[in-house]
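The chain contents come next:
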Amino acid sequence: MAKIVAVANQKGGVGKTTTAVNIASCVAELGKKVLLVDLDPQGNTTSGFGISKRGLEHSTYSVLLDGDDVKGAIMKTPYKVDVLPSSIRLSGAVVELVELENRHARLRNALNKVSDGYDFIFIDCPPALDLLTINALSAADTVLVPIQCEFFALEGLSELMNTIRLVKQHYNKYIDIEGVLLTMFDSRLNLTLQVVAEVKKYFPNKVYKTTIPRNVRLSEAPSFGQPINYYDPASRGAKSYMELAREFLSQNKR
């Protein structure tokens, strides 16, 4: 049965989708069976694997709202990662989910049908604490939190942690923090070191040793529809995400 990891932070611009795409790809390259679920209406994870979001007949929307068979909605990619893609229709799902029975558990129920076929399932959450994120947290075993090394790094984290506590209390008592990833890291800046110190104080023993640097190649890769370890495996970004994947797997030895 797969371990399900939600990649979440409601603050935009923290490298959440970049992390979801690239840790999934690097973990798959290291020999694990991986499914990546795009639960963000923007669909950047989907296009990050070269999948067109337009005209998709099956997607996370149809699985959550129409009861589509999740197995039929999953797409194979050339990058060893299977993707449950997003579609433009997902932007209206938050309103539509309100009316449905078991609205918080629809993703969990769907993933239960395919969990035995994977080692890890990563979920790219939307940058909001809404019903889509609640679905992800209800389905997940753990949460991976990317935090950028900027002035407002910890802004909004208390809301995320409160949401996780509420989900733990009402829907998923086993959920825990997988780890905290520092992104856009630049050790030359005093501000970066200050942020690192604050984050380690906020999340004792949960911060990854691996950090993700600012890297132009990481920014370019999505426009070519490729994870960084395929777009430019020699880049600093690719090496950092591969190092993160190894650290992640070393903490998840079974």
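Residues numbered from 1 in each chain as written. Predicted model: local features only at pLDDT ≥ 70, side-chain atom pairs only at ≥ 80, totals over all residues. Heavy atoms only, no water.

Q: An account of the pairing of strand β2 (residues 34-38) is requested, with residue identities and associated values reported.
A: The element β2 is extensively covered by neighbouring structure, given that five of its five residues are classed as buried. Here β2 shows no split at all, with Val 34, Leu 36 and Asp 38 on one side and Leu 35 and Val 37 on the other all buried. With five bridges connecting them, β2 and strand β4 (residues 120-124) associate as parallel partners. Bridge assignment links Leu 36 to a residue of β4, and that residue is Phe 122. (Buried < 20%, exposed > 50% of the residue type's maximum accessible area, 1.4 Å probe, protein only. Helix = DSSP H or I, 4+ residues; strand = E, 2+ residues; numbered from the N terminus. Pairing = 2+ DSSP bridges.)

Q: Could you give me a rundown of the sheet that holds β4, with the residues and numbers involved?
A: Taken together, the seven strands give an open sheet; going across it, the order is β3-β2-β4-β1-β5-β6-β7, and neighbouring strands pair in parallel fashion. Either end of the sheet is taken by a strand with one partner, and the two such strands are β3 (81-84) and β7 (207-213). Across the sheet, the mean angle from the axis of one strand to that of its neighbour is 25 degrees, orientation sign disregarded. One ladder, built from seven bridges, connects strand β5 (residues 142-148) with strand β6 (residues 176-185); its direction is parallel. Paired with Leu 144 across the strands is Gly 179, a residue of β6. Here helix α8 (residues 157-170) sits on the sheet in contact with β5 and β6, set at roughly 175 degrees to β5. Sheet strands in contact with helix α9 (residues 190-202) are β5, β6 and β7, and its direction is about 175 degrees off that of β6. (Axes fitted to C-alpha atoms, helices over the stretch in contact; angles between N-to-C directions. Contact = heavy atoms within 4.5 Å.)

Q: Give a description of the pairing of β3 that names residues and reports values.
A: Neither face of β3 is left uncovered, since the one carrying Val 81 and Val 83 and the one carrying Asp 82 and Leu 84 both have all their residues buried. The pairing of β2 with β3 spans four bridges and is classified as parallel. Note on β3: the bridge partner recorded for Leu 36 is Val 83.

Q: Can you tell me about the packing of aromatic side chains, naming the residues and giving the values?
A: Going through the model one piece at a time under the given rule, you end up with seven aromatic pairs. Note on Phe 49 and Tyr 79: the rings are 6.0 Å apart at their centroids and 55 degrees apart in plane angle, and the pair reads as tilted. Here Tyr 79 lies in the loop between α4 (70-73) and β3 and Phe 49 lies in the loop between α2 (44-48) and α3 (60-65), a separation of 30 residues in the sequence. For the residue pair Phe 49 and Tyr 79, the accessibility class agrees, reading buried in each case. Members of the aromatic cluster, each reached through a chain of ring pairs, are Phe 49, Tyr 79 and Tyr 230. (Phe/Tyr/Trp six-rings, centres within 6.5 Å; stacked < 30°, edge-to-face > 60°.)

Q: Give me helix α12 (residues 236-250): which residues, what numbers.
A: Taking 1.5 Å of rise per residue, the 15 residues of α12 would be expected to cover 21 Å, and the 21 Å separating its terminal C-alpha atoms lies within 8% of that figure. Within α12 the residues assigned to the buried category are Gly 237, Ala 238, Ser 240, Tyr 241, Met 242, Leu 244, Ala 245, Glu 247, Phe 248 and Leu 249. (Expected span 1.5 Å × (residues − 1).)

Q: Give a detailed account of the packing of helix α7 (residues 131-139) against α8, specifying residues and quantitative values.
A: Viewed as axis vectors pointing N to C, α7 and α8 meet at an angle of 55 degrees, and their least axial separation amounts to 10 Å. Here α7 lies oblique to α8, going by the angle between them. Between α7 and α8 lies a crossing whose hand is right-handed. In contact with Ile 134, Leu 137 and Ser 138 of α7, α8 contributes Thr 163, Ile 164 and Val 167. Split into classes, the residues belonging to the contact of α7 with α8 amount to four nonpolar, two polar and no charged. (Parallel < 35°, antiparallel > 145°, perpendicular 65-115°, else oblique. Left-handed = near helix turned anticlockwise from the far one by under 90°. Nonpolar A, V, L, I, M, F, W, Y, C, P; charged D, E, K, R; others polar.)

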